Amino acid sequence: MITLFPNEPRVRWEHTDLNDLLLWGCKTGMSDLNLRSGDRGWMRLHGIWRAVTDRAISADELLAGLERMTRNNSVAAMIKSGQKDYDFAHLIDAARGQRQRFRGNAVPVADGYSTGVKMVFRTISSIPPRVSELGLEQAILDHAFPDTGLVLVTGVMGSGKSTMIAAIIREIIERGGRSVATYEAPIEFDFTAIPNPGGPVSQSAIPEHLADFLSATRNSTRTAPDVVLIGESRDRETLRGMIESAEIGVAAYSTVHSRSVPATISRILHTFPNEEHTQIAATLISSLRLIVSQRLIPHPSGQGRTALREYLPFTAEIRERLLETPLDRLIQVTEELVGTHGQSMMIPARAAYDEGKIPRDRYLAIEMEYKKRPPKAKEQQEATAWPAYPLFPMMPYGTVWLPQSSFRMPPLFPVSLPALCGEAR
């Protein structure tokens, strides 16, 4: 049972108090810490949010702590002016020379009648786990290490997609023989700390080291990496950089916010203007090698979470099929291919529910979600086709039916004979 933070200051939250709160949360198994001005602190443990402080934290306390964490004296003014949110990495020196890493985001929010701030921290291990520790399906491992092309790991916030893709990158580094370059905003896992790397590794933060992700793409063409990681692709700039990185003949990896494999393609396409959809779809499909969509569902016991994964390997055959598919049917055909050549989310959900690893209500929610998905391409085509009209029987005088074998027409028949032949005079 999680109690309140035992060392909450009585007068004012200082920078060191915020660090102590973060370290205490890590020891209890926290994945996220949410600090909003005017509210108590909240911690997410095993997917459930719990209050961990007794009193509200002020905007001044949070902004002062943010400036110390980021070593940026202008960030508080930027937040209070409501210009934009701010991503940052935070490193705390813990006991015995150990360091704890966090990914942070600060965003302006309403605080009564003034502008406050919300800061969210995600706990990050200094070194990513190995793929063997994640229990990835063999079909995923078979397609997660291409020589060239694009691998995407998708999911909602807190679904473990960054951890999975970091484990894949660690495997590449440890196998050796390839140069790895990452471009992130901010840097999360420290790949340079992996013992005995088998090739050169470099990490660049956006915008501290390079101005933007398009600059990162240009940099990758000049520094000759074999593997490129484009942090989180969440807007047009990063998505374009991700696709262009895959085009230059390297193995490119990235994460995307989406809930399924077909939704990932839709999410990427609809980030761009309509006039670019055809070109982006062709480039994306030609580059894709694997999409994995992951969800973490709380265990019924309240201890830990269960990973469910949907995936589709984009083999040469599947890429050719999708390139020949009209743009308006692309998502439906992808849904069909997930069922025939990959794994739908329903398969691991049903297995996990049968084994008692996810609660009944979460399983039923996933089941209902998949029942509401659009029909498969062939079924949708048949459902929207114009009806055929039979030859017999003939209808009473004044009505005629067209032969079924002739052609399909919009449902404008039966048609009155006077309308066809003219009114009787």
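This one's a predicted model, so the numbers in the text were calculated from it and none came from an experiment.

Brief notes about the environment of Ile-291
The topology assignment puts Ile-291 in strand E12 (residues 288-298). Residue classification places Ile-291 among the buried residues on the basis of a relative accessible area of 0%. Ile-291 sits 30 residues away from Val-261 along the chain, and the two C-alpha atoms are 6.2 Å apart. Ignoring anything within four residues of it in the chain, the contact list for Ile-291 reads Leu-152, Thr-154, Val-261, Thr-264, Ile-265, Glu-310, Tyr-311, Leu-312 and Phe-314.

As for the sheet that holds E12
Overall, mixed pairing links the seven strands, which are arranged E9-E8-E10-E11-E7-E12-E13 in an open sheet. Sheet topology places strand E9 (201-205) and strand E13 (305-313) at the edges, where each strand pairs with a single neighbour. The mean inter-strand angle of the sheet, taken between neighbouring strand axes irrespective of direction, is 15 degrees. Two strands pair when backbone bridges link them, and strand E10 (residues 227-232) and strand E11 (residues 251-257) are joined in this way by five bridges, in the parallel orientation. Paired with Glu-232 across the two strands is Thr-255, which belongs to E11. Sheet strands in contact with helix H6 (residues 213-223) are strand E8 (180-184) and E10, and its direction is about 170 degrees off that of E8.

Let's talk about unusual backbone geometry
Even without being a glycine, Asn-196 presents a positive backbone phi close to 50 degrees. Mapped onto the secondary structure, Asn-196 falls in the loop between E8 and E9. Note on Asn-196: relative accessible area 73%, which makes it exposed.

Re the pairing of E8
Buried residues dominate E8, accounting for five of its five residues. Residues Val-180, Thr-182 and Glu-184 line one face of E8 and the alternating positions Ala-181 and Tyr-183 line the opposite face, and both faces are buried. Of the strand pairs in this sheet, E8 and E9 are connected by five bridges, and their pairing is parallel. Each bridged residue has a counterpart across the sheet, and for Ala-181 the counterpart in E9 is Ser-202. By the bridge criterion, four bridges tie E8 to E10 in an arrangement that is parallel. Paired with Thr-182 across the strands is Leu-229, a residue of E10.

Looking at the pattern of salt bridges
Following the criterion strictly, the structure yields 15 salt bridges and no others. Here Arg-309 makes a salt bridge to Glu-137, at a shortest N to O gap of 3.4 Å. Of this pair, Arg-309 sits in strand E13 while Glu-137 sits in the loop between strand E6 (114-124) and helix H4 (138-143), and the two are 172 residues apart along the sequence. Taking relative accessible area as the criterion, Arg-309 reaches 4% and is therefore assigned buried. Each of Asp-32, Arg-44 and Arg-122 takes part in one network of salt bridges that share partners.

Cut-off values and rules
Residues numbered from 1 in each chain as written. Predicted model: local features only at pLDDT ≥ 70, side-chain atom pairs only at ≥ 80, totals over all residues. Heavy atoms only, no water. Helix = DSSP H or I, 4+ residues; strand = E, 2+ residues; numbered from the N terminus. Buried < 20%, exposed > 50% of the residue type's maximum accessible area, 1.4 Å probe, protein only. Contact = heavy atoms within 4.5 Å. Pairing = 2+ DSSP bridges. Axes fitted to C-alpha atoms, helices over the stretch in contact; angles between N-to-C directions. Salt bridge = Lys/Arg side-chain N within 4 Å of Asp/Glu carboxyl O.

Interpretation in functional terms is not warranted from these geometric data alone.
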